Amino acid sequence: MIEWTDEAALLATRPFGETSVIIEVFSENHGRHVGVVRGGTSRKVAPVLQPGAQLSVTWKARLDSHMGSFTVEPIRSRAAAAMGDRLALAGLNAVCALLAMVLPERETHPPLYERTINLLDLLGQSDVWPLAYLRWEQALLEEMGFGLDLSACAALGTNQDLAFVSPKSGRAVSRVGAGEWADRLLPLPPVLAGQGDASNPEIVTALGTTGFFIKNRLIQSLGDKPMPEARARLIAAIGRLG
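Read on for an overview of the structure. (Residues numbered from 1 in each chain as written. Predicted model: local features only at pLDDT ≥ 70, side-chain atom pairs only at ≥ 80, totals over all residues. Heavy atoms only, no water.)

So, on to helix α6 (residues 200-219). Within the sequence span of α6, burial applies to N200, E202, I203, A206, L207, T209, T210, G211, F213, I214, L218 and I219. If you follow the buried residues of α6, they end up packed against α2 (86-102), α4 (129-143), β6 (162-165), β8 (186-187) and α7 (229-241). (Buried < 20%, exposed > 50% of the residue type's maximum accessible area, 1.4 Å probe, protein only. Helix = DSSP H or I, 4+ residues; strand = E, 2+ residues; numbered from the N terminus. Contact = heavy atoms within 4.5 Å.)

See below:
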């Protein structure tokens, strides 16, 4: 019998038989992991199994190749922060959906795990959450091997007046370096390069650029999958903040 215990954030659940559920978690030391929770539909366990919940999970299986089963203990729920706030609910759903889609099963990503937990713990704080989410998407791209290089112009090597991102290379391009190709490039608002405070409209623009690479590089590398609809709902919610 193989057994381990870890801390994890719950990403998704789905029914399994009459009384059990299959859960996906993002764990600190074991990455994205799937397993069965026996009795997961019971009155005692079901309220614990809410997306975003922080759990102590123990996974057991006879062989490592088996799906295995989880027993779970609640650490903290994030449902209350999300249910009463449209932005928080959209954000929680977007984060969980993206991680469930793009994380390779059982592959550890400690830096991304830490960033994810820190982000989820900010749910309900609408004044800081949009910027924190943008930084999380940038970290997600970096961790998955599709990070943006915004340090200098890909064409001229200068770090002055950087205004665009190449959709091919993910590198910054200056206004002068862009020339007649500017209309084919993605916008590089200052906030995307980590400069200054940002308005929510600027963050939405920046998320348009990170979203291009998530959809056309990261998700496309996994096959013919659509961008999770939850992310579009999040962008709309940020846009409504003004």
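Bringing the nonpolar core into the picture now. The tendency in soluble globular proteins is for nonpolar side chains to be buried as a group. If you look at the biggest cluster of nonpolar residues, it comprises 50 residues, and the most contacted ones within it are L99, Y133 and W136. Mapped onto this core, the elements with two or more residues apiece are β1 (2-16), α2, α3 (110-120), α4, α6 and α7. A total of eleven residues in this core trace back to one element, the largest contributor, which is α2. In this structure L99 touches L11, F26, R32, L112, T116, W136 and L140, once residues within four positions along its chain are discounted. The next biggest cluster of nonpolar side chains, apart from the first, holds 17 residues, and it includes A8, I23, V37 and V48. (Core = buried A, V, L, I, M, F, W, Y, C linked by side-chain atoms within 4.5 Å.)

The next point concerns the pattern of salt bridges. Oppositely charged side chains may form a pair once their charged atoms are brought near each other. With the rule as written, the count across this model stands at ten salt bridges. Across the pair E105 and R106 runs a salt bridge, and its minimum N-O distance is 4.0 Å. Among the ionic pairs, D149 bridges to R171, the shortest N-O distance being 3.9 Å. You can see D149 sitting in the loop between α4 and β6 and its partner R171 sitting in the loop between β6 and β7 (172-174), a full 22 residues away along the chain. A relative accessible area of 33% places D149 in the partly exposed class. Take R171: its relative accessible area is 33%, and that puts it in the partly exposed class. Via salt bridges that share partners, R14, E24 and R32 belong to a single interconnected network. (Salt bridge = Lys/Arg side-chain N within 4 Å of Asp/Glu carboxyl O.)

For the rest of this paragraph, the subject is the packing of aromatic side chains. The full count for this structure, using the stated rule, is six aromatic pairs. Taking 5.4 Å as the distance between ring centres and 85 degrees as the angle between the ring planes, the aromatic pair formed by F26 and Y113 counts as edge-to-face. Here the residue F26 occupies a position in strand β2 (residues 20-27), and Y113 occupies one in helix α3, the gap between them amounting to 87 residues. Given the relative accessible area of 1%, F26 is considered buried. Note on F212 and F213: the rings are 5.2 Å apart at their centroids and 85 degrees apart in plane angle, and the pair reads as edge-to-face. Relative accessible area serves as the criterion here: at 24%, F212 is assigned to the partly exposed category. Among the aromatic residues, ring-to-ring pairing joins W4, W59 and F70 into one connected group. (Phe/Tyr/Trp six-rings, centres within 6.5 Å; stacked < 30°, edge-to-face > 60°.)

Turning our attention to the sheet that holds β6. Judged by pairing direction, the sheet is antiparallel, and its three strands sit side by side in the order β7-β6-β8 without closing on themselves. Of all strands in the sheet, those bounded by a partner on one side alone are β7 and β8. For β6 and β7, the ladder comprises three bridges, and the chain directions are antiparallel. Pairing of L162 across the sheet is with S174, part of β7. (Pairing = 2+ DSSP bridges.)

Spatial relationships are all this shows, so hold off on functional conclusions.
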